[in-house]
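Below are the chains, spelled out letter by letter.
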Amino acid sequence: MKYQCSFKSAKDMAQYIKAEGIELIDAVFCDPLGLWHHCTFCPNQVEEDDIKDGLPFDGSSIRLFCSIENSDMAMVPDPSSCWIDPFCDRKTLHVTCSIKNPQTNQGFARDPRSVAARCLEFVKKEGIADTIIIGPEAEFFIFDDVKYGVSNNEMFFKVDGVEGYWNTGSEQGGANLAHRVPPKNWYFPVPPIDTTMNLRGEMLLTMGDMGVPIEKHHHEVATCQSELGFTCRPMIECADMLMTYKYVIKNVARKYGKTATFMPKPIFGDNGTGMHVHQSLWKDGKPLFFDENGKYVKLSQMCTHYIGGLLKHAPAVLA
């Protein structure tokens, strides 16, 4: 894991920055819509006390965060989330942050990472569980060209990829090499039908070098659609890794002149992008969703109630 360098404390992180000649520290956080934001600091701005107390920024400029009169915010680095950014020209240390209100010293209510922390604190306090395990499967599309526009007299979008079944009669650099299949028939084909095998391999191995516990990669059901897999992890750690997953995929694609998107359905008449999320609660090292005597496929009553809760609150979960 040549890029991973997580730390147990602010002191360890600060010492590493000095000892390893880190030139820049890229502090990132997530907004309520799921987009990473970042600010890049010089080492003299990220010393031990700064890591503990947080790095100040204007929260009113972030969508759905706060109004201008309550704009003082601080991003608090998590030393365990660090890795060297392989996409930066200079030696840059990435660190994921939680957001806190400096006046109350509490986690910010609209910070997704702080919401996850409060959720974990709640299940522990209520004696429900001590660990929440999450395993996402995020699908995505890889395109060679994307055009879109909205103006006074027109509105349009167009996506294109070398795999597109609409390209059977198009010019492809002087020769069309075929090997295209109909919509919804792209699950697990080998090259040359699968044109992004090497690209996905680099994506997967790169995030593995950054500390993500990688498992596999494959072509998905739709044209130009792919998926990479990593092992389920405790909730907050998993959320950080999923953001790393998206960051790596988009940047490796850009490196090779392609663009990756997680948008839900860019191609009419073909499968859209989904994200299965495996979930389980654990306590004292035991899975609470398993019951040897469970009436339905050995699921515990807690598990069936958990599923019922997800169905009841689905509109809010999907908002």
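Our structure is the block above this text.
**Notes on the environment of Pro264**
Positionally, Pro264 belongs in the loop between strand 14 (259–261) and strand 15 (275–283). With 123 residues separating them along the chain, Pro264 and Phe141 place their C-alpha atoms 9.4 Å apart. Residues contacting Pro264, with those up to four places away along its chain left out, are Gly272 and Thr273.

**As for the side chain of Asp240**
Mapping Asp240 onto the fold places it in helix 5 (residues 235–255). Once residues lying within four places of it in the same chain are set aside, the contact partners of Asp240 are Trp36, Ser81, Thr96 and Arg113.

**Focus on the packing of aromatic side chains**
Within the structure shown, the criterion is met by 15 aromatic pairs. Relative to Phe262, the ring of Tyr245 has its centre 6.3 Å away and its plane inclined at 55°; by these criteria the two rings are tilted. With Tyr245 in helix 5 and Phe262 in the loop between strand 14 and strand 15, this pair connects stretches of sequence that are 17 residues apart. Residue classification places Phe262 among the buried positions, given a relative accessible area of 19%. Across from the ring centre of Phe262, 5.4 Å away, lies the NZ or CZ of Lys246, which sits over that ring.

**Topic: the state of the cysteines**
Across all of its chains, the model carries 0 disulfides by this definition. A disulfide-free cysteine, Cys42 has its sulfur positioned 10.0 Å from the sulfur of Cys39, the nearest such atom. The class for Cys42 is partly exposed, based on a relative accessible area of 44%. Note on Cys303: no disulfide assigned, nearest cysteine sulfur contributed by Cys232 at a separation of 14 Å.

**Digging into the nonpolar core**
Among the nonpolar cores identified, the biggest contains 35 residues, and Phe140, Met203, Met207, Leu228, Phe230, Tyr245 and Ile249 are the most heavily contacted of them. Breaking this core down by element, the ones donating at least two residues are strand 1 (24–30), helix 3 (112–125), strand 8 (131–143), helix 4 (197–209), strand 12 (225–230) and helix 5. Of all the elements, helix 5 adds the most residues to this core, at 10 residues. Once you skip the residues sitting within four places of it in the chain, Leu228 turns out to touch Phe140, Arg200, Met203, Leu204, Met207, Lys216, His217, Tyr245 and Ile249. Counting residues in each nonpolar core, the second largest holds 26 residues, with Ile17, Phe41, Phe65 and Met73 among its members.

Cut-offs applied
- Residues numbered from 1 in each chain as written.
- Predicted model: local features only at pLDDT ≥ 70, side-chain atom pairs only at ≥ 80, totals over all residues.
- Heavy atoms only, no water.
- Helix = DSSP H or I, 4+ residues; strand = E, 2+ residues; numbered from the N terminus.
- Contact = heavy atoms within 4.5 Å.
- Phe/Tyr/Trp six-rings, centres within 6.5 Å; stacked < 30°, edge-to-face > 60°.
- Buried < 20%, exposed > 50% of the residue type's maximum accessible area, 1.4 Å probe, protein only.
- Lys NZ or Arg CZ within 6 Å of the ring centre and 35° of its normal.
- Disulfide = S-S within 2.5 Å.
- Core = buried A, V, L, I, M, F, W, Y, C linked by side-chain atoms within 4.5 Å.

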